[in-house]
Amino acid sequence: MSNENIVKIENLIKRYDQAGVIALDGINLEIKKGEFVSIMGPSGSGKSTLLNMIGALDQADEGSIQVSGQNLMEKKDFSSFRSKEIGFIFQLHNLIPNLTASENVQIPMLQTNNSDEEMVKRATELLGSVNLGNRVDQVPTKLSGGERQRIAIARALVNHPNIILADEPTGALDSKMGDIILELLREIHEKENMTLILVTHEEYVAKKADRIISMMDGKITSENCTL
Amino acid sequence: MKFRSLIIKNIFRNKSRSILAIIGIAIGAAAILGLGLVTDSLASSTQQALTTGAADFSVLPSSFGGHGSGGGFGGGSGGGFGGSSAFNGSSGATFVSAGQTIDQSTLNSIQQMPGVETAAGVLRSATELNGTTQPLTLLGIDSQDLSLDDVQITNGSAFTSSNQIILGSTAATGLNKTIGDQLTFDNQTFIVVGIYETGDFMSDRGAILSLSTLQNLTNTTGVSQILVKASNGTSPTSLSSQITQNYTNLTTSTSLSGFNRMNNGIQIIESGSWAITLIALLVAGVMVVATMMKSVSDRTREIGVLKAVGWNKRRILALIIGESMILASIATVIGLIIGVGAVEVLISSHILNGIHIALSLNLVLEAVGVALFLGIVGGIYPAYRASRLAPTEALRYE
Ligand SMILES: Nc1ncnc2c1ncn2[C@@H]1O[C@H](COP(=O)(O)OP(=O)(O)OP(=O)(O)O)[C@@H](O)[C@H]1O
Ligand SMILES: [Mg+2]
């Protein structure tokens, strides 16, 4: 972990006007490069919304947010920012069912001008590192939930992102499989010095992080270092 | 993995949906090709029948004395003869002179005009067969000029001497005469050597003999009409107006009634086939849009993921339009095969007898172009919708 802030958020507000909901109500948050942060809180407290703001999937209404030096309040298309800086992992793996494991992993690389061989090589390498070296040409429908989530992890890593955003990645798995996924994420975080931001409901999962951020009604209620 | 393999994989993902779209577009392409083939072929067959040999226009005396009305050549329009005044009495010489005629020297000088390929004099008259009151129209023309008047000998041969005559198919049936039989009128006997058809019912009721024979019979030296064919590179219209300028006592008639009738027929077929084609296109277009819209909405969540992993709008547009283009291409190939196949079936079942099939590259390109156009245009709106999806909304989509 360095002292440089990779995420810097001030007074961030996000409203869903139609629903009259204030999903984020003045968030202030700094996350250091290489840090592992977990976000906890009850359902509807704004965890996913915050993660989507950091990943530039959606834009806030007020305040400021800087990620990897990018001002995300700008009105522009952030697809290349997402492509270079962010790796998303969702609760549901969201793999494309008719593509093989390898092809699913390659999907983000189609946007970044790689040769066919480079793409295949990178996908094979990553699937090997998540222990799926023998499932490269299998379609997701023939794989277990844990195996699918490992493919999704490989996909998130494929473009060498600086930040991994994981929204309840173990939520749909049994605890044993969840542990394996979690351990894998921690390993990657340590080895690659990636910043890992993980949303979870479960205390024991959250405790593996360097810091736990608790949310309630769109506000951060506490920031506890686990050490 | 290449981008294009992703596109192709996506097409085969929902096979029944893709097959429906392919059928829709294929029907469009087949309709364009099949109907186009039939109308083109009809038009070119007709054109061929009309232009080989047939005269471009005819030259007539500018006033017709008491002789019927109008009198175009090949006359579908009641032709200048057969007015009751033409038949006087029931005995003796019943010939009617051809009324006002064009003299031989005028015919000669028109034949010499630059731009005239052929100018053939024809004489028209009418008579009654000996011993009957059966009227018979007569046409005198040199045998080598028969084709100028659209005369096709279907049986036997043309006349070669002054006692030979050829009989129109309707007349032959009506008179119960065939080749080798004799025909007597004005106390002269002719041998029927051929049966002809012109496609014109009036002409098919008459008989044709050599010009000089008819001139002798009617005591005329002139002709009632000159059939003119312009040489290659000369416009028939300008040639005809030049003739009316040079000879103020002559008029020209370009209204080839037979041609007009056929032309009308072709136009009706063409507009009919256009109507069917437009409907087919509409069906195909709706099919493409509906398929791609369904495909996009089924994959809303997936499109959200593509955005989350960094795909830009352009790439998502390219994916969806690419899919609809490939769909359209596959459909086009199938449609072309169906279209050509359908026409082949029609030919082999003799429904299109007498039609010369003209499969042109243009027609194929037209069908391919329209189908691909459908593919692109039908894909644009769904692709635009997909590219505009808000990623968070798309990811929440169940
Ligand atoms: N697109 C939207 N339109 C309207 N309201 C929304 C939208 N997205 C989120 N919300 C609302 O914003 C609030 C925060 O939602 P968010 O998804 O961030 O919660 P969460 O903490 O991730 O909950 P969970 O643990 O159930 O995933 C909720 O009240 C939710 O209903
Ligand atoms: Mg959530």
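This is a predicted model, so every value here is computed, not measured.

## A closer look at the sheet that holds strand β2 (residues 21–32) of chain A
Residue and element names in this part refer to chain A.
Move 1: Spatial ordering of the open sheet is given by β2-β1-β4-β5, a layout of four strands whose pairing is antiparallel. Edge positions in the open sheet fall to β2 and β5 (70–71), since each of these has one partner strand only.
Move 2: Two strands pair when backbone bridges link them, and strand β4 (residues 62–67) and β5 are joined in this way by two bridges, in the antiparallel orientation. Bridge pairing links Q66 to N71 in β5.

## Re the site of ligand 1
Move 1: Taken together, 16 residues are adjacent to ligand 1, and S43, K47, S48 and T49 of chain A together with R396 of chain B come closest.
Move 2: Residues lining ligand 1 come from chains A and B.
Move 3: Residue S43 of chain A places a side-chain N or O atom 2.5 Å away from an oxygen atom belonging to ligand 1.
Move 4: A distance of 3.0 Å separates a nitrogen atom of ligand 1 from a polar atom in the side chain of E393 of chain B.

## A word on the interface of chain B and chain A
Move 1: Across the boundary between the two partners, chain B contributes 21 residues, which contact 25 residues of chain A.
Move 2: Taking both partners together, chain B and chain A bury about 2200 Å²; carbon and sulfur atoms supply 57% of that area.
Move 3: The largest contributions to the chain B side of the interface with chain A come from M1, V309 and T392 of chain B, which together make up 29% of the buried area.
Move 4: At the boundary of chain B with chain A, the tally comes to two salt bridges.
Move 5: Note that K2 of chain B and D116 of chain A form a salt bridge whose closest N and O atoms lie 3.2 Å from each other.

## Quick word on the nonpolar core
Move 1: I107 of chain A together with W311 of chain B are the most contacted members of the largest nonpolar core, which totals 100 residues.
Move 2: Sort the elements by how many residues they give to this core and helix α9 (residues 313–348) of chain B lands first, with seven residues.
Move 3: Beyond its immediate stretch of four places on either side in the chain, W311 of chain B contacts S79, I107, P108, L110 and Q111 of chain A together with F3, L6, L306, I316 and L319 of chain B.
Move 4: With 35 residues, the next largest nonpolar core counts M113, L183, F185 and L217 of chain B among its residues.

## Focus on the packing of aromatic side chains
Residue and element names in this part refer to chain B.
Move 1: In this structure the tally under the stated criterion is four aromatic pairs over all chains.
Move 2: On the numbers, 4.9 Å between centres and 15° between planes, the contact of F185 with F190 is stacked. F190 matches F185 in its accessibility class, with the two residues each being buried.
Move 3: Stacked on the ring of F3, the Lys or Arg R315 has its end atom at 4.9 Å from the ring centre.

## What to know about the packing of helix α5 (residues 145–157) of chain A against helix α6 (residues 175–192) of chain A
All names here are of chain A.
Move 1: Between α5 and α6, the least distance of the axes is 10 Å, while the angle of their chain directions is 15°. Classified by the angle their axes make, α5 and α6 are roughly parallel. Read as a crossing pair, α5 and α6 show a hand that is right-handed. Residues G146, Q149, R150, I153 and L157 of α5 lie in contact with α6, whose contacting residues are M177, I181, L184, L185 and I188.
Move 2: When the residues that make up the contact of α5 with α6 are grouped by side-chain class, the tally is seven nonpolar, two polar and one charged.

## Points about the pattern of salt bridges
Move 1: Under the counting rule described, the total for this entry stands at 17 salt bridges over all chains.
Move 2: The closest approach of N and O atoms between D25 of chain A and K219 of chain A, which form a salt bridge, is 2.9 Å. One end of the pair, D25 of chain A, is in strand β2; the other, K219 of chain A, is in strand β10 (residues 219–225), with 194 residues separating them in the sequence.
Move 3: Judged by relative accessible area, which is 26%, D25 of chain A ranks as partly exposed.
Move 4: On the accessibility criterion, K219 of chain A (40% relative accessible area) is partly exposed.
Move 5: R211 of chain A is paired through a salt bridge with E35 of chain A; the nearest N and O atoms lie 2.7 Å apart. On the criterion of sequence distance, the pair formed by R211 of chain A in strand β9 (residues 211–216) and E35 of chain A in the loop between β2 and β3 (36–40) is long-range, its members being 176 residues apart. The residues R211 of chain A and E35 of chain A share a single accessibility class, namely buried.
Move 6: Among the ionic contacts, a cluster of salt bridges with common partners joins R13, R299, E302 and E323 of chain B.

## Side note on the confidence of the model for chain B
Residue and element names in this part refer to chain B.
Move 1: Across chain B, pLDDT averages 80, with 83% of residues at or above 70.
Move 2: Note that residues 64–94 has pLDDT below 50 and, in this model, 51 contacts with residues that lie over four places away or in other chains.
Move 3: Here the complex is predicted with pTM 0.67, and the ipTM for its interfaces comes to 0.93.

## Considerations on helix α6 (residues 236–246) of chain B
All names here are of chain B.
Move 1: Listed as buried for α6 are L239, S240 and I243. Looking down the long axis of α6, one finds its buried residues gathered within 100° of arc, a one-sided arrangement. Away from its buried face, by an angle of more than 90 degrees, α6 presents the exposed residues T237 and Q245.
Move 2: Close packing links the buried residues of α6 with β1 (57–61), α3 (104–112), β2 (116–128), β9 (225–230) and β10 (250–253).

## Regarding unusual backbone geometry
Move 1: Unusually for a residue other than glycine, N113 of chain A sits at a positive phi of about 50°.
Move 2: Among the secondary structure elements, N113 of chain A is positioned in the loop between α3 (101–106) and α4 (116–129).
Move 3: Residues other than glycine seldom take positive phi values, yet N219 of chain B does so here, at roughly 60°.
Move 4: The residue N219 of chain B is located in the loop between α5 (211–218) and β9 in this model.

## A few points about helix α10 (residues 361–388) of chain B
Residue and element names in this part refer to chain B.
Move 1: Taking 1.5 Å of rise per residue, 28 residues should cover 40 Å, and α10 covers 40 Å from first to last C-alpha, within 8% of that figure.
Move 2: Along α10, the sharpest kink reaches roughly 35°, centred on I380 and followed within four residues by the proline P382.
Move 3: Those residues of α10 not exposed but buried are L363, A367, A371, L374, G375, G378, G379, P382, A383, A386 and S387.

## Points about the pairing of β3 of chain A
Move 1: Burial analysis of β3 of chain A places five of its five residues in the buried class, the great majority of the element.
Move 2: Burial along β3 of chain A is two-sided: the residues F36, S38 and M40 of chain A and V37 and I39 of chain A are all buried.

Cut-offs applied
Residues numbered from 1 in each chain as written. Chains lettered and ligands numbered in written order. Predicted model: local features only at pLDDT ≥ 70, side-chain atom pairs only at ≥ 80, totals over all residues. Heavy atoms only, no water. Pairing = 2+ DSSP bridges. Helix = DSSP H or I, 4+ residues; strand = E, 2+ residues; numbered from the N terminus. Near = heavy atom within 4 Å. Polar contact = N/O pair within 3.5 Å; in protein donor to acceptor, adjacent residues only side chain to side chain. Contact = heavy atoms within 4.5 Å. Buried area = accessible area lost by both parts, 1.4 Å probe. Salt bridge = Lys/Arg side-chain N within 4 Å of Asp/Glu carboxyl O. Core = buried A, V, L, I, M, F, W, Y, C linked by side-chain atoms within 4.5 Å. Buried < 20%, exposed > 50% of the residue type's maximum accessible area, 1.4 Å probe, protein only. Phe/Tyr/Trp six-rings, centres within 6.5 Å; stacked < 30°, edge-to-face > 60°. Lys NZ or Arg CZ within 6 Å of the ring centre and 35° of its normal. Axes fitted to C-alpha atoms, helices over the stretch in contact; angles between N-to-C directions. Parallel < 35°, antiparallel > 145°, perpendicular 65-115°, else oblique. Left-handed = near helix turned anticlockwise from the far one by under 90°. Nonpolar A, V, L, I, M, F, W, Y, C, P; charged D, E, K, R; others polar. pLDDT = per-residue confidence, 0-100. Arc of directions from axis to C-beta. Expected span 1.5 Å × (residues − 1). Bend = angle between axes of the 7 residues up to and from the residue.

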